[in-house]
Amino acid sequence: MRYLSTRGHADRKRFCEILLEGLAPDGGLYLPEAYPQISAAQLGHLRQVLNTQGYAALAYEVLSLYIDDIPAKDLRALCEKTYTEASFGTPEIVPIKALKTKAALGAVVYLEALSNGPTLAFKDMAMQLLGNLFEYELTRRNAELNIFGATSGDTGSAAEYAMRGKKGVRVFMTSPEGRMSPFQQAQMFSLLDANIHNIAIQGVFDDCQDIVKAVSNDLEFKRKYKIGTVNSINWARLLAQVVYYFAGYFQATQNDTQKVSFSVPSGNFGNVCAGHVARMMGLPIEHLIVATNENDVLDEFFRTGVYRVRGSADTHETSSPSMDISKASNFERFVFDLLNRDAARVKHLFHDQLNQTGQFDLGQDPLFAKAKTQFGFLSGKSTHADRLQTIQTIYADNHIMVDTHTADGLKVAVPLAKPGVPMLVLETALPIKFAATLVEALGREPDRPAKFEGIEALPKRVLVMSKSVDAVKAYIAKHCD
Ligand SMILES: *Cc1c(COP(=O)(O)O)cnc(C)c1O
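Residues numbered from 1 in each chain as written. Predicted model: local features only at pLDDT ≥ 70, side-chain atom pairs only at ≥ 80, totals over all residues. Heavy atoms only, no water.

Chemist: How should the layout of surface pockets be read in this particular structure?
Modeler: If a probe as big as a water molecule is rolled over the atoms, it shows which places are left empty. Space inside the second largest pocket adds up to approximately 530 Å³. Together, 23 residues line the second largest pocket, and N116, I400, M401, E427 and L430 are the ones closest to its centre. Only β3 (96–99) and β4 (109–113) provide two or more residues apiece to the lining of the second largest pocket. For the lining of the second largest pocket, a count of residues per class yields 12 nonpolar, five polar and six charged. (1 Å grid on protein atoms, 1.4 Å probe; cavity = no way out; pocket = protein on both sides within 12 Å on 5 of 7 lines; lining within 4 Å. Points joined across faces, edges and corners; volume = space filled by probe spheres on them. Helix = DSSP H or I, 4+ residues; strand = E, 2+ residues; numbered from the N terminus. Nonpolar A, V, L, I, M, F, W, Y, C, P; charged D, E, K, R; others polar.)

Chemist: Got a minute to help me understand empty space enclosed by the protein in this structure?
Modeler: Applying the stated criterion across every chain, the model contains one cavity of 30 Å³ or more. In this structure, the largest cavity occupies an estimated 30 Å³ of space. Lining of the largest cavity is provided by I18, E21, G22, Y30, I233, N234, W235 and R333. Looking at the lining of the largest cavity residue by residue, the class counts come to four nonpolar, two polar and two charged.

Chemist: Quick question: what am I supposed to make of the side chain of D26 here?
Modeler: As for its placement among the helices and strands, D26 is situated in the loop between α1 (15–19) and β2 (30–32). This buried residue, D26, is left without a salt bridge; K347 holds the nearest opposite charge, at 6.0 Å. Among the polar contacts listed, one links the side chain of D26 to the side chain of S5, at a separation of 2.7 Å. At 3.1 Å, the side chain of D26 forms a polar contact with the backbone nitrogen of G28. Apart from the residues lying within four places of it in its own chain, the contact partners of D26 are S5, R7, G8 and H9. (Buried < 20%, exposed > 50% of the residue type's maximum accessible area, 1.4 Å probe, protein only. Lys, Arg positive; Asp, Glu negative; His and termini not counted. Salt bridge = Lys/Arg side-chain N within 4 Å of Asp/Glu carboxyl O. Polar contact = N/O pair within 3.5 Å; in protein donor to acceptor, adjacent residues only side chain to side chain. Contact = heavy atoms within 4.5 Å.)

Chemist: What's the story with the state of the cysteines in this structure? I'm lost.
Modeler: Covalent bonding between the sulfur atoms of two cysteines is what defines a disulfide. Enumeration over the complete set of coordinates arrives at zero disulfides. With no disulfide partner, C79 has as its closest neighbouring cysteine sulfur the one in C16, 13 Å distant. Residue class for C79 comes out buried when judged on its relative accessible area of 0%. C208 provides the cysteine sulfur closest to C480, a residue in no disulfide bond, and the two sulfurs are 18 Å apart. (Disulfide = S-S within 2.5 Å.)

Chemist: Would you mind showing me how to read the nonpolar core here?
Modeler: The nonpolar side chains of soluble globular proteins are, as a tendency, buried together. Counting residues in hydrophobic clusters, the biggest one holds 114 residues, and the most contacted among them are F134, Y245, F246, F269 and F331. Contact partners of Y245, with chain neighbours within four places excluded, come to F262, V264, N271, V272, A274, G275, A278, L283, I285, L288 and L426. Membership of the second largest hydrophobic core comes to 25 residues, among which are L111, L388, A407 and A441. (Core = buried A, V, L, I, M, F, W, Y, C linked by side-chain atoms within 4.5 Å.)

Below, the structure is given as structure tokens:
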């Protein structure tokens with residue numbers, strides 16, 4: 001298996017080469033040269049593997065179709081080390097549960113639980129594997145990597161819990177001082193591992209991102225201190241997410257001729273892009289439903305063909321904050337497939353047109369219709385009022401609390417569910433992470449998993465710094481020797 005860039009660079013790379021890289025050299029994103037196709041016999045085999053050996057074995061089978069530069073026994077061991085009941089809370093890892101909803105008579109809506117990992121958001125599903133892959137590959141190369149990033153919550157904590165104590169890796173994570181929820185702050189700052197560095201910047205999230213950009217643009221510094229990232233464009237993260245589409249499918253169906261649909265709370269288009277990859281491999285998915293919040297860049301595209309990135313002034317701060325994006329960093333991968341993998345055209349749209357005008361319009365292009373007819377995409381949006389109502393209705397009918405992002409997925413999914421096609425809504429976080437909105441909706445605090453009892457009182461390790469690029473660089477340099 002070789003990987004190519006969506007913008008047509010001539011290089012073809014193997015999995016472990018792109019594992020530690022971000023963008024391709026031409027600014028494009030990596031994708032496999034072709035998606036491995038799953039035959040009917042293979043699909044039956046994978047169902048059998050999940051049923052008899054469990055999620056880690058399924059993960060190994062799916063990953064091995066894309067990774068041929070890690071010996072099979074090592075890859076299997078990495079999957080087994082990652083997807084354990086101890087880390088993810090249940091033997092099924094991603095159990096599904098049927099919900100009572102107002103969907104059409106005979107239509108069944110399931111919640112697929114992806115949020116029982118160490119930081120209670122679905123990002124653990126990929127990040128935990130990434131931590132083990134990084135440690136494996138860095139050890140093999142006798143190399144080091146210093147991960148530097150900015151977070152407003154979920155990504156930073158998922159990265160830190162994945163990388164804590166790992167050999168060859170350090171994490172330097174900036175966050176806006178005092179802006180994350182108390183629970184999120186406690187989650188991150190209570191990590192005392194020597195290789196984890198929390199830097200609270202006296203500013204807002206954009207200030208943190210500006211510092212990360214400034215450091216990334218200093219190529220000399222980046223090279224000298226081996227700076228890398230773990231953002232959602234990383235192909236290994238996307239690949240890890242493909243697995244739970246298979247696991248959800250097998251749990252919701254009895255045989256491999258049935259179809260299912262997935263509804264995916266979307267921000268940077270990483271999660272639903274993994275669904276697209278699973279569908280391209282031949283997993284019988286009818287629809288992939290992109291659910292957005294008030295930041296509806298993606299819903300607008302799937303409705304009209306216009307992709308219009310927003311400025312920071314038009315990006316709303318919502319009660320599903322992990323979906324508050326101005327542009328969707330993985331979206332280029334889907335557009336590449338939609339345009340029949342015409343890399344020159346993708347480069348023109350994403351490099352030239354987006355930079356010059358902030359938008360492009362495929363609405364008049366005959367290929368645009370394929371998003372729905374050939375690739376199965378539908379979309380919808382949800383607002384704060386929808387979110388509160390969905391949380392209330394689901395709680396009243398099922399006695400289950402869903403988080404605000406998952407509520408957006410449910411809001412969009414329920415009217416689209418139809419008899420005979422199970423609708424799986426991906427649960428992307430647990431409600432305790434976004435307690436304020438749950439209290440607003442239900443008048444009570446969400447349940448807290450036992451392992452997080454009292455974390456706010458634990459000792460904290462965080463360095464508060466002014467928004468100075470030089471100060472942050474000096475801190476990194478000092479701790480990399
Ligand atoms: C990251 C995140 C999302 C958005 O996922 P994308 O892969 O960026 O589309 C949705 N919900 C939660 C809780 C998240 O943390």
